[in-house]
Structure formats: C-alpha cells, structure tokens
Amino acid sequence: MGLLILIGLWLASAAIVAQGNDAPVIPPVEQPVSGYRFLTPETRALQDDAFANPGYLWVAAGAEAYQENLGTGSCKSCHGERGMVGVATRYPRFDEGAQTLLNLEGRINACRSEHQELPALAYESQELLALSSYVAEQSRGMMTQVSVPAEAAPWFRAGESYFFQRRGQLNLACHQCHDQSWGKMLRGDRLSQGQPNAFPAYRMEWQTLGSLHRRLQNCETGVRAEPQALGSRAYLGLELYLVWRSQGLVLESPGVRR
Amino acid sequence: MNKQPTIRLAVPQGVPAGEVIEVKVMIQHPMESGYRRGALGQRIPRDIIKFFRCSQEGETIFAAEFHPGVAANPLMTFHMRAERSGTLDFEWTDQNDLRWRKQAELLVI
C-alpha cells in the first residue's frame, strides 16, 4: 500500500511538471533578444552588409528559381514580382486544405505539388534553401505575426513541452539554457535565447546556409540527444512554439550566426 | 558541381575616368580544405578554387591565388582605376581546371 502511494505521488509530481508548462500566457522570456545581439561586431557587420553577407548567394539563387518556368509556370507567374513581402512573418501556419501545420519550407513544397505538379524538394536541399531564403528575405525587418488558432494548438502544446523536456545524455532542456541561462558563458560562447528569427541563416560553423530545423538538430547533438528528422512533426511544433516565443523580434533572414 | 554556382558582382557605375573604384565579387563554393573528416571518419576530399582573374579586354586587372585555408564562398574586394568603359571579365578556376565566368559592364563617364 505504501509503495502504491509512493508511486502515485511520483506520478502526480511528474504530471505537475508536465502540466506546469501547459500553455503559459506570457512567453517565458519577457524581453526577447535576437541572437544578433550575442554576436561579435565583425559577425554583425557581415550580416548587415548586403553584399558581404554570404546568405545572399542563396537569396540570389532563389530569385532565379522563382522566375524559372518548370513547365507549369513559375512561382512568379502566380505571385508576381516580389509578391512574397510579409509572407514569412505568418509561418508556421495551420493549413486548412492540408489540415496540417506548415512552415515556410512545407508551404513551398505544398505549392509545388498543388499548383506546379512538381515533386517536393528535399529538406535542406540547395533548391529549397534558395527558395525559402528568397521568400524569407522579403520579410526582413518585419515582425513575426504568428498566431496559434485552435487547430494549431496541439502542435503548439507539443512544441512547448518539447522545449521544456530534458533530453540527451546531458539531460538538458532547451528551457534551461535559453530561458534560464541566456547571457551566461557556455565555454567560449555566450548563450543566446535561442531565437529563430534569423533563419534560414548562414552559420560560420556550417560554412553554408541552413534551415532552423538543421539548427535544432545541432542543438540536440550538442546535448547528446537523438536528433529528430528535418521537417518532422516534433520540430514543426517546436518551430511554432519558438516563433510564438520570439514575438516582438523582427525577421533577419538571411542572418549570419557563428 | 555541374551547375554554374551563384556569383555576385558589385561594380560601381557611371564613375569619372581615372577614378579609383572598389569592386566586390563573391562566388558560392564549399572551399573544402581536404584536411577535414566526415562523421564516419572518412577523409573529405579537397575541393577548392585555385585561381581568380579579373580582366578588361584581355588585360589583367587583378588576380589572386587561392589555398586550402580560404573559407567557403570566398568574397574579394579590390580596387582598380576606371580608365575606360568596357566589359569586365571575372573568372574562377578550380583545382580540376573547371572554370566559371561572369561579366559586368563598366561605364566610365
């Protein structure tokens, strides 16, 4: 009997931990700070220089791909010249037609299959990075407007609990570094808030441009956890939570990060 | 790499003759040093650009040799005296003698 009560108490405390994080009204970081503020002056200068910023190589490639007619018309034939202004501020977003949550990459692929009769581009392929960074760049300097309607709530809750869940051999949750310890040093680097507003971003470590999901995979290997697949349901939910958490920050894509 | 990589050029336009101008060029390239190993320990083969040349009607204006220590997507900034209008040729040559070219018009007033 005593043992049962003990197990019961243990289960209850586990439930409290899980429920304690259920849909807080205010983001846990009161004042979101962009990762830009944690960079060296040199890296900031690189991001701000519209020529030297290497992310613009992908934006330029995306601008070409946007106009390329692949048999069933180009992106431009429907969306027009620079028709993507502000679009990236609204993703991830629940898609009524597909009845699922789509991020920018997912939206581009849905557009390809629905309207261009083309196969989906692989996540992290150069073609998809070019298009996603081209679209995201048109919202540079604009604030995220992501909202969480009832349909997206399950994704949001899953993403949020992912954020607070300890994982990996180091047994760390995103929350512990990026809510509780940002601004402190982690070996040679200053911990940022883990804000997603620069992605797709050029990372020095990668020497290339990459998506937010690739960055999340890096975070997970950093705490020695098993990374999820790019574009997976877990990362889509986490992306929604992160973007919601970043409210008040402007998009910086193509950002430059260390 | 069969497809032409993305190249970005910045050449000032409408400069007075004799003026010194700043030219900026960037090419998308991994500049793989050959010293790195992959996640499974296998050697990643070297893949680098060896040479860059900027010329106007065959006359070399600026040239550079590249080595494995150069970072990916090399950006170069150099200065030239804008003597006359004409086409500027930019050419990168990689270790396998593969060449990528792009041109820009220089307008001197």
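Because the structure is a prediction, the values reported are computed rather than measured.

Q: Residues and numbers for helix 6 (residues 126–137) of chain A, please.
A: What sets the pattern is the α-helix's 3.6 residues per turn: residues three or four places apart point alike. All names here are of chain A. Compared with the 16 Å implied by 1.5 Å per residue over 12 residues, the 16 Å span of helix 6 between its first and last C-alpha is a close match. Counting buried positions over the 12 residues of helix 6 gives 10, a clear majority of the element. Listed as buried for helix 6 are L128, L129, A130, L131, S132, S133, Y134, V135, A136 and E137. Against helix 3 (55–67), helix 4 (75–79), helix 5 (104–115) and strand 6 (208–210) lie the buried residues of helix 6.

Q: Lay out the sheet that holds strand 7 (residues 255–257) of chain A in plain terms, naming residues and giving numbers.
A: Pairing between the strands of a sheet comes from backbone hydrogen bonds, and it takes one of two forms, parallel or antiparallel. Residues and elements named next belong to chain A. Read across the open sheet, the three strands follow the order 6-5-7; overall the sheet is mixed. With partners counted over all chains shown, the strands left at the sheet margins are strand 6 and strand 7, one partner each. The sheet shows a mean angle of 35° between the axes of neighbouring strands, taken without regard to direction. Of the strand pairs in this sheet, strand 5 (residues 201–203) and strand 7 are connected by three bridges, and their pairing is parallel. When the bridges of strand 7 are listed, R203 appears paired with R257.

Q: Could you give me a rundown of the interface of chain A and chain B, with the residues and numbers involved?
A: The interface is formed by 14 residues belonging to chain A together with 13 residues belonging to chain B. Summing both partners gives a buried area of about 1100 Å² for chain A against chain B, and 62% of it is carried by carbon and sulfur. For the chain A face of the interface with chain B, the top three residues by lost area are A:F51, A:L57 and A:Q207, together amounting to 63%. Linking chain A with chain B are zero salt bridges, by the criterion used here. Where chain A meets chain B, there are four residue pairs in polar contact (both at pLDDT 80 or more). The greatest single-element share of the side of chain A that touches chain B, amounting to five residues, is contributed by helix 3 of chain A.

Q: If you had to explain the packing of aromatic side chains to someone new, which residues and values would you point to?
A: Any pair of aromatic rings gets described here by the distance separating the centres and the angle formed by the planes. Residues and elements named next belong to chain A. Enumeration according to the criterion identifies 15 aromatic pairs over all chains in this entry. With a centroid separation of 6.0 Å and 55° between ring planes, the pair formed by W58 and Y202 is classed as tilted. In this pair, W58 sits in helix 3 while Y202 sits in strand 5, placing the two residues 144 residues apart along the sequence. The two residues W58 and Y202 agree in class, both being buried. A centroid spacing of 6.4 Å and a plane angle of 65° characterise the contact between F164 and Y241, whose relative ring orientation is edge-to-face. You can see F164 sitting in helix 7 (residues 153–164) and its partner Y241 sitting in helix 10 (residues 233–245), a full 77 residues away along the chain. For F164, a relative accessible area of 18% puts it in the buried group. For Y241, a relative accessible area of 0% corresponds to the buried category.

Q: Explain empty space enclosed by the protein to me, and be specific about the residues and the numbers.
A: All names here are of chain A. Inspection of the entire model under this criterion finds one cavity of 30 Å³ or more. Of the voids in this model, the largest cavity is the one considered here, and its volume is about 280 Å³. For the lining of the largest cavity, the secondary-structure elements that each account for two or more residues are helix 5, helix 6, helix 9 (212–222) and helix 10. Considering only residue class, the lining of the largest cavity consists of 12 nonpolar, eight polar and two charged. Shared between two domains, the lining of the largest cavity holds at least three residues of each, these being domain 1 (20–49 + 148–257) and domain 2 (56–137).

Q: Lay out the sheet that holds strand 2 (residues 19–27) of chain B in plain terms, naming residues and giving numbers.
A: All names here are of chain B. The strand order 1-2-5 describes an open sheet built from three strands, whose pairing is antiparallel. Strands with a single pairing partner mark the edges of an open sheet, and in this sheet they are strand 1 (7–10) and strand 5 (75–82). Between one strand axis and the next, the sheet turns through 20° on average, direction left out of account. Pairing of strand 1 with strand 2, which is carried by four bridges, proceeds in the antiparallel orientation. Residue pairing for strand 2: I7 is matched across the bridge by I27.

Q: So what's going on with unusual backbone geometry? Residues and values would help.
A: That bond from A:F199 to A:P200 is cis: its omega, 0°, falls within 30 degrees of zero. Inspection of the secondary structure assignment puts A:P200 in the loop between strand 4 (189–190) and strand 5. Residue A:P254 is bonded to the preceding A:S253 through a cis peptide linkage, with omega at -5°. Looking at where A:P254 falls in the secondary structure, it is placed in the loop between helix 10 and strand 7. Phi at A:R187 takes a positive value of approximately 50°, unusual for a residue other than glycine. With respect to the helices, strands and loops of the structure, A:R187 is situated in the loop between strand 3 (185–186) and strand 4. The class of A:R187 is exposed, set by a relative accessible area of 80%. Backbone geometry at B:N73 places phi at a positive 50°, although glycine is not the residue there.

Criteria and thresholds
- Residues numbered from 1 in each chain as written.
- Chains lettered and ligands numbered in written order.
- Predicted model: local features only at pLDDT ≥ 70, side-chain atom pairs only at ≥ 80, totals over all residues.
- Heavy atoms only, no water.
- Helix = DSSP H or I, 4+ residues; strand = E, 2+ residues; numbered from the N terminus.
- Expected span 1.5 Å × (residues − 1).
- Buried < 20%, exposed > 50% of the residue type's maximum accessible area, 1.4 Å probe, protein only.
- Contact = heavy atoms within 4.5 Å.
- Pairing = 2+ DSSP bridges.
- Axes fitted to C-alpha atoms, helices over the stretch in contact; angles between N-to-C directions.
- Buried area = accessible area lost by both parts, 1.4 Å probe.
- Salt bridge = Lys/Arg side-chain N within 4 Å of Asp/Glu carboxyl O.
- Polar contact = N/O pair within 3.5 Å; in protein donor to acceptor, adjacent residues only side chain to side chain.
- Phe/Tyr/Trp six-rings, centres within 6.5 Å; stacked < 30°, edge-to-face > 60°.
- 1 Å grid on protein atoms, 1.4 Å probe; cavity = no way out; pocket = protein on both sides within 12 Å on 5 of 7 lines; lining within 4 Å.
- Points joined across faces, edges and corners; volume = space filled by probe spheres on them.
- Nonpolar A, V, L, I, M, F, W, Y, C, P; charged D, E, K, R; others polar.
- Domains from an automatic or database assignment.

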